[in-house]
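Per-entry structural report
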Amino acid sequence: MKQRTVLCFTLAIIFSLHIVSVHNIQPATGCYGPRITADISATEVNVNESVTITGEICPAEPNVTVRVTFTRPDYTWIDQYVLADPETGQFTVIQSLDMVGYWNIFPIHGHICDRLYANVTDPADPLAPLPTAELPPYKPNVSLVTVAAIAVSIGAAAVTTGRKNKTRNISSLRLFVQIGFVFLIFFGMFIDHRIIPVPAEQIAPHESLVVTDVFGVSMPDGFPVPLFGCYYPCGKTVTCALWEIQVYIYPFWDTGRGWGVDYVSSGIMRLAVVFGAIILLSVLLGKFFCGWICPFGLYMDLISRLRKALRIEHRNFSDRFNERFHQLGYVILALLIILSVIFGSQAIAGTQLVPGTEKGGFVYNYFSAPFCQVCPMKPLCVLLQTSVGLLRPEWLVEATTGEFYQLGFYLTSLNLFVLGVVTVAAFFYRRAWCRLCPLGALVALFNRFPPFKRFSGIRLDKVEEKCTKCGVCKRVCPTQVTEVYEKKGGDVTTSNCLLCTRCVEMCPYEDALRVKVAGKTVFKSRNWLE
């Protein structure tokens with residue numbers, strides 16, 4: 001197993017270097033589609049001082065007007081309109097900031113925009129209270145509350161029905177838990193952000209991040225978790241660890257402005273928090289996150305339930321192919337980290353290995369957070385949120401910085417293609433994506449391999465004397481784990497096990513399989529044949 005993991009990482013390194021060496025990346029001076037980029041002369045200024053906004057639109061065209069909106073701390077705003085240079089697309093705006101507090105500044109070109117900020121203080125009265133925005137009280141998003149009520153009702157009905165069927169008892173409980181966690185992970189969706197006046201309503205300011213400071217390290221993107229708590233949709237309370245690992249290497253290794261946030265802690269400190277949190281959570285709960293909490297895991301399970309409702313049999317990979325398929329997750333994990341390091345080499349080591357990684361360059365526009373450009377969770381989230389009115393449809397394509405078939409910020413044809421392939425695969429092969437998920441591979445590294453394995457908080461135990469080798473555990477496993485069947489006894493949890501406990505639920509022998517949390521049995525197999 002160790003040799004295979006090392007081989008996977010080696011292959012990923014070779015593949016990454018091959019991409020860098022043979023791919024003809026366009027020069028940084030090119031125009032890569034409709035976009036606007038801007039900078040501000042200072043982010044810390046005194047009240048009534050002026051700031052200068054310089055920027056560029058692409059492509060440059062005659063008679064193009066750029067709108068620059070200066071949003072005060074009380075949500076009133078100042079609009080300035082300026083003609084961009086017809087040949088270079090460049091523009092400049094000077095504005096005096098007349099109110100103490102945090103200003104959001106939006107250079108807007110059509111329906112795409114950049115986002116800047118300035119923190120304004122009054123040296124004559126540094127302790128003066130900050131102005132407060134006079135906003136209407138928050139109100140719930142009625143459409144989403146309705147969806148949530150229906151979903152929770154379905155989960156509750158599944159739990160009630162499952163109690164009557166001994167072979168669906170745990171699965172029904174798991175469905176209820178999965179549905180509940182979707183709304184906990186995206187709790188901010190319940191707040192109707194459209195109550196906030198223009199121009200602030202052009203963004204989605206209704207995040208409900210539960211932790212933004214960890215031991216003094218600023219984490220403005222939220223607390224990292226080992227599940228697909230996607231960064232891109234609205235309302236998240238936590239954030240996918242893979243997204244943070246990527247962007248804290250490239251493009252936000254340095255302190256300074258990120259995508260609408262201000263990083264005051266260095267990239268290495270933020271990465272330390274991310275890996276520290278993932279190691280701790282992986283040791284404590286392992287792939288319980290995958291089997292019981294991850295929203296995309298719920299999507300996989302719902303597809304399987306649809307297949308069963310249509311009375312279509314699932315298919316299985318061969319054992320050899322399935323084992324290799326699982327290893328692909330480590331390759332993807334290594335690849336995304338290696339690519340991020342290569343792209344972020346300018347900030348990390350002072351040397352640009354790949355042209356176009358500077359702000360506005362080809363790589364910056366298209367390959368920031370490379371895995372997210374193909375992750376099937378991103379389009380699924382934004383499409384679902386658009387369907388209940390949480391995201392405007394134009395947002396999905398407005399920031400793609402290019403043609404729809406190219407990589408981008410919210411939604412592109414590549415995203416939809418990957419989601420489509422994963423969906424079809426999951427219909428015929430249970431939990432198809434989960435078998436190669438790089439986030440699951442990251443959890444496995446810190447849960448099922450030495451020295452972390454000995455400290456695992458959740459284990460699947462087998463009593464050898466009570467096992468008759470009936471093979472039920474092997475047949476019902478959604479990821480085709482065979483170790484539960486093959487191992488004689490003791491801890492039979494493996495790196496590929498999602499801890500969904502379906503094997504425990506279906507095992508017909510009393511107390512042959514047990515799920516232990518901190519050494520205490522919480523689930524065990526029962527003789528459901530009698």
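Just above sits the structure.
Chains are numbered independently. Their residues run from 1 in the order of the written sequence. With the structure being a predicted model, the display of local features is reserved for residues of pLDDT at least 70 and the display and counting of side-chain atom pairs for 80 or more, all residues being used for whole-chain, interface and lining totals. Side-chain calculation: all heavy atoms of the structure are included, whereas hydrogens and water are not.

1. Regarding a positive patch on the surface
Surface patches are drawn from residues lacking salt bridges whose relative accessible area is over 30%; two like charges belong together within 9 Å, two nonpolar side chains (Val, Leu, Ile, Met, Phe, Trp, Tyr) within 5 Å. Shrake-Rupley sampling with a 1.4 Å probe provides the accessible areas, and residues are treated as covered by the protein chains on show and by no other component. Here, a salt bridge means any side-chain nitrogen of Lys or Arg that lies within 4 Å of a carboxyl oxygen of Asp or Glu. By the counting scheme adopted, Arg and Lys are positive, Glu and Asp are negative, and His together with the chain ends is not counted. Throughout, a charge is located at the NZ atom of Lys, the CZ atom of Arg, the CG atom of Asp or the CD atom of Glu. Together, K469, K474, R475 and K488 make up a region of like positive charge exposed at the surface. Every helix listed is a DSSP run of H or I at least four residues long, and every strand listed is a run of E at least two residues long, numbered separately from the N terminus. By the element assignment, K488 lies in the loop between α16 (483-486) and β17 (490-491).

2. Brief notes about the sheet that holds β17
Two strands make a pair as long as DSSP finds a minimum of two bridges between them. Taken in spatial order, the four strands line up as β17-β16-β18-β19 in an open sheet, and their pairing is antiparallel. Of all the strands in the sheet, just β17 and β19 (520-524) have a single pairing partner and so form its edges. The pairing of strand β18 (residues 513-517) with β19 spans four bridges and is classified as antiparallel. Directly across from R514, in β19, lies its bridge partner K524.

3. Considering the pattern of salt bridges
Evaluation of the coordinates by the stated rule reveals 11 salt bridges. Of the charged contacts, one joins R514 and D511 as a salt bridge, the two residues approaching to 2.8 Å between their closest N and O atoms. Throughout this description, buried means an accessible area under 20% of the type-specific maximum (1.4 Å probe, protein chains only), exposed means over 50%, and partly exposed covers the range between. Look at R514 and you get partly exposed, because its relative accessible area is 22%. Several salt bridges converge on common partners, so that one network encompasses R174, D301 and R431.

4. A closer look at the side chain of Q480
Structurally, the position occupied by Q480 is in the loop between α15 (472-476) and α16. Within polar-contact distance, the side chain of Q480 engages the backbone oxygen of F317 at 2.8 Å. Nitrogen and oxygen atoms within 3.5 Å of one another constitute a polar contact, given that in protein one can donate a hydrogen and the other can accept it, and given that sequence-neighbouring residues count only through two side-chain atoms.

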